Amino acid sequence: MSNKYGQKIWKDGKFIEWEQATIHSLAHVVQYGSCVFEGIRTYNTDKGLAVFRLKEHLQRLLNSAKIYRMDTEYSLQDMIDASLETIRVNNFGACYIRPYIIRGYGAFGVNPLNNPIETYVAIWEWGKYLGPEALENGVDVCVSSWTRMAPNTLPTLAKAGANYMNSQLIKMEAIRYGFDEGIALDFLGYVAEGSGENLFLVTDNVIYTPSLTNGVLPGITRDAVIYLLKKMGYEVRETGIPRERLYLADELFFTGTAAEITPIRSVDKITVGNGKCGPVTQKVQDAFFGIFEGKTEVPADWLTIV
Ligand SMILES: Cc1ncc(COP(=O)(O)O)c(C=O)c1O
């Protein structure tokens, strides 16, 4: 593994060595994908190392677990403490936090209920997800031939491991055809999201993003960006977006814990705007990174100092 990772992983209230966090290959999670998880970033700020929107991420983790009836014995506050302790005990600087809840080894059938619930927090170092130049120059994307999950199939409000089988199909197809990322449509053909990012459009100075009924993950960065845009005075519409509006938009950008604010410079080889990071995208990027430089005012609990 090229990335540096923490030596200790938090498991059910105790720290174990990284090498000990192994699992039987017949565990329910391995056979049937029974896992919910989070991805959270820390940033260096002038007040010290800070976690971005820790509470909201961990609430989404517990929501995902609730949807799948995974009864973890740990509360929101327990998970906050576990996440902060994992960073401290590993003596880590800026890192990515991965809390996850799984169904372990027990019964072999599909019925999940007779398997132990295990709760973990791991950390590792992580750079720029779509490459270091992506934030500045943007990425080239395609519309995927794969559709995001329809309602009544796999719930997209849950961040479940199994949802990422769909994301893998989107990502592999994009890479195979030479794109950086793919955008999936929802089951009705409206724009949904990237394999691991939410999406925003700018047209005539109005901002559009797919609504939570369009098969998207309720992104924490999406929420932050809506907040920042509204504060800047922009109108933000959460609504169904036909595919062709991607081609006609003045600006397009991805948001996500991994992707942060990444401009999109082309879709299906059609140039977006003038092919450069647009003015609204630039403002959002500046406001977003300004949070960690103390330049952008946001609710105090968005940053948890380690
Ligand atoms: C499918 C998908 N959509 C959107 C996002 C962005 O969500 P967030 O901003 O909470 O990281 C992610 C990243 O976790 C994702 O995997």
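Residues numbered from 1 in each chain as written. Predicted model: local features only at pLDDT ≥ 70, side-chain atom pairs only at ≥ 80, totals over all residues.

Asks: Help me out: how do you make sense of the packing of helix α2 (residues 54-67) against helix α3 (residues 76-89) in this one?
Replies: The angle between the axes and the distance between the axes are what describe a pair of packed helices. As a packed pair, α2 and α3 sit with axes 10 Å apart at the nearest point and diverge in direction by 125°. In this view, α2 runs oblique relative to α3, as classed from their interaxial angle. When the axes of α2 and α3 are compared, the crossing they make is right-handed. Contact with α2, carried on its side by Leu54, Lys55, Leu58, Gln59, Leu61 and Leu62, involves Leu76, Met79, Ile80 and Ser83 of α3 and no other residues of that element. Per-class residue counts for the contact of α2 with α3 are seven nonpolar, two polar and one charged. (Axes fitted to C-alpha atoms, helices over the stretch in contact; angles between N-to-C directions. Helix = DSSP H or I, 4+ residues; strand = E, 2+ residues; numbered from the N terminus. Parallel < 35°, antiparallel > 145°, perpendicular 65-115°, else oblique. Left-handed = near helix turned anticlockwise from the far one by under 90°. Contact = placed C-beta atoms within 7 Å. Nonpolar A, V, L, I, M, F, W, Y, C, P; charged D, E, K, R; others polar.)

Asks: Is there a simple way to explain the site of the ligand in this structure?
Replies: Neighbouring residues of the ligand: 14 residues in total, closest Gly219, Ile220, Thr221, Gly256 and Thr257. Where the shell around the ligand is concerned, the elements lending two or more residues are α6 (220-231) and β14 (251-256). With three residues, α6 is the single largest residue contributor to the shell around the ligand. (Near = placed C-beta within 6 Å.)

Asks: Any chance you could explain the domain arrangement of the protein here in plain terms?
Replies: Many analyses report the size of an interface as the accessible area lost when the parts associate. Annotation of the protein at the domain level lists domain 1 (8-124) and domain 2 (134-292). Computed over C-alpha atoms, the centres of domain 1 and domain 2 are 26 Å apart. On the domain 2 side, the residues contacting the 17 residues of domain 1 number 12 residues. Broken down by element, the residue count for the side of domain 1 that touches domain 2 peaks at five residues, all from α2. (Domains from an automatic or database assignment.)

Asks: Which parts of the structure should I look at to understand the pairing of strand β12 (residues 206-209)?
Replies: Here is the key point about a regular strand: its side chains alternate between the two faces of the sheet. For strand β11 (residues 198-203) and β12, the ladder comprises three bridges, and the chain directions are antiparallel. Within β12, the residue paired with Thr203 across the bridge is Val206. Hairpin remark: β11 followed by β12, antiparallel, with two residues in the connecting loop; positive phi at Asp204, about 50°. After leaving β12, the chain enters α6 and then returns to the sheet as strand β13 (residues 236-238), a path that is right-handed. (Pairing = 2+ DSSP bridges. Right-handed = clockwise from strand over helix to strand, strands pointing away.)

Asks: Looking at this structure, I do not really get the nonpolar core. What am I missing?
Replies: One broad rule of soluble globular proteins: the nonpolar side chains tend to lie buried together. Membership of the largest hydrophobic core comes to 39 residues, with the highest contact counts inside it found for Val141, Val191, Leu201, Leu252, Ile264 and Val284. Broken down by element, this core gets its largest block of residues, five residues, from α6. Those residues in contact with Val141, other than ones at most four positions away along the chain, are Ala174, Phe179, Asp180, Glu181, Gly182, Ile183, Ile264 and Val267. Ile9, Val36, Ile97 and Ile102 belong to the second-largest nonpolar core, a separate cluster that totals 31 residues. (Core = buried A, V, L, I, M, F, W, Y, C linked by C-beta atoms within 7 Å. Buried ≥ 20, exposed ≤ 12 C-beta atoms within 10 Å, placed from the backbone.)

Asks: Quick question: what am I supposed to make of the pairing of strand β6 (residues 96-103) here?
Replies: When you tally the buried positions in β6, you get eight out of eight residues, the bulk of the element. The side-chain alternation of β6 yields two buried faces, one formed by Tyr96, Arg98, Tyr100 and Ile102 and the other by Ile97, Pro99, Ile101 and Arg103. By the bridge criterion, three bridges tie strand β3 (residues 35-37) to β6 in an arrangement that is antiparallel. For Cys35, the partnering residue across the bridge sits in β6 and is Ile102.

Asks: Looking at this model, I keep getting lost on unusual backbone geometry. Mind explaining?
Replies: Excluding glycine, most residues fall at negative phi; most peptide bonds, likewise, are trans. Even without a glycine there, the phi angle at Arg53 is positive, about 50°. For Asp204, which is not a glycine, the phi torsion comes out positive at approximately 50°. For Asp204, the location among the structural elements is in the loop between β11 and β12.

Asks: Would you explain the environment of Gly33 in this entry?
Replies: When you line up the elements, Gly33 lands in the loop between α1 (28-32) and β3. Exposure remark for Gly33: the 16 C-beta atoms within 10 Å place this residue in the partly exposed category. Considering only alpha carbons, one finds Gly33 and Gly104, 71 residues apart in sequence, at a separation of 11 Å. What Gly33 contacts, discounting residues up to four positions off in sequence, is Gly161 and Ala162.

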